[in-house]
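# Understanding the architecture of this molecule
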Amino acid sequence: MKTLLLLFTLLSASSSFAETRYCDDIKRIDQLPHLNSDQFGRFMADKKKADRILVSKDRRELYLLQDDVVLKTYKVAFGLQPNGHKQFEGDSKTPEGLYYIDSKNPQSAYYLSLHVSYPNKADAEYARSQGKSPGGNIMVHGFPNPNRPEFLQFVTGFHPYNWTAGCVAVTNEEIREIYSTVDVGTAIEICKSSTQPQPPSSSQTKKP
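Residues numbered from 1 in each chain as written. Predicted model: local features only at pLDDT ≥ 70, side-chain atom pairs only at ≥ 80, totals over all residues. Heavy atoms only, no water.

## Some remarks on the pattern of salt bridges
Here the structure, examined in full by the defined rule, presents 8 salt bridges. A salt bridge links Asp-183 to Lys-49, with the nearest nitrogen and oxygen atoms 3.5 Å apart. Residue Asp-183 is located in the loop between helix H4 (172–181) and strand E8 (187–191), and its partner Lys-49 is located in the loop between helix H2 (37–45) and strand E1 (52–56); the two are separated by 134 residues in the primary sequence. In this structure, Arg-52 engages Asp-51 in a salt bridge whose closest nitrogen and oxygen atoms are separated by 3.7 Å. In this structure, a network of salt bridges that share partners links the residues Asp-51, Arg-52 and Asp-68. (Salt bridge = Lys/Arg side-chain N within 4 Å of Asp/Glu carboxyl O. Helix = DSSP H or I, 4+ residues; strand = E, 2+ residues; numbered from the N terminus.)

If you want it as structure tokens, here you go:
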């Protein structure tokens, strides 16, 4: 029964969120009401929940929303290859499109994490058609935990650096806020970058 209820919640959240896609015109987010710090503090104290996450690659920002009100905005870091949609395991790209948070991990190797539902069916089918794995384990998370020193090697800095393997990263203080206000089933929309990878120049492709 609990499994059916969770499935219904996830489907409802995904279908309702799909009706509004801020990535089609990211400037619309600027026209929404924004809470100030005191208002957001009361929102947190009342233990209310966000109903969607919006991430802009161009702006390098994550927006927490509830009923089309911007609760708070955070600066973020992406994968080492921030431009373009994640397609394959190991490409260090962050997915683009509509997904949802399908689990939360308080014991993550990176301080708290919200797992994103990548790959979806289309992602998996495309990767298979290319004879590759789509990869996975994409999260919104904080910094590597001190008790997992093997992960610290990946962090060469934060703002303005992209240092993750494809995830969306914020500071530990920020992920505590996001983690506490986001439930499993919350939709997440990740907007593609308007800057696409450039092909190598002719001088780079010339044979010696």
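## Section: the packing of aromatic side chains
Scanning the model with the defined rule gives 5 aromatic pairs in all. Aromatic pair Phe-40 and Phe-43: ring centres 6.4 Å apart, planes at 10°, arrangement stacked. Pair noted here: Phe-40 and Phe-43 are both in helix H2, with a separation of 3 residues, about one helical turn. Of the two residues examined, Phe-40 and Phe-43, each falls in the buried class. Taken together, a centroid distance of 6.0 Å and an interplanar angle of 25° make the contact between Phe-143 and Trp-163 stacked. A residue pair is termed long-range when its members are at least 10 positions apart, and Phe-143 in the loop between strand E6 (139–141) and strand E7 (168–169) and Trp-163 in the loop between E6 and E7 qualify at 20 residues. Its relative accessible area of 24% is what places Phe-143 among the partly exposed residues. Members of the aromatic cluster, each reached through a chain of ring pairs, are Tyr-110, Phe-143 and Trp-163. Taking the ring centre of Tyr-179 as reference, the NZ or CZ of Lys-104 above it sits at 4.3 Å. The positively charged end of Lys-132 is found above the aromatic ring belonging to Phe-88, 4.4 Å away from the centroid. (Phe/Tyr/Trp six-rings, centres within 6.5 Å; stacked < 30°, edge-to-face > 60°. Buried < 20%, exposed > 50% of the residue type's maximum accessible area, 1.4 Å probe, protein only. Lys NZ or Arg CZ within 6 Å of the ring centre and 35° of its normal.)

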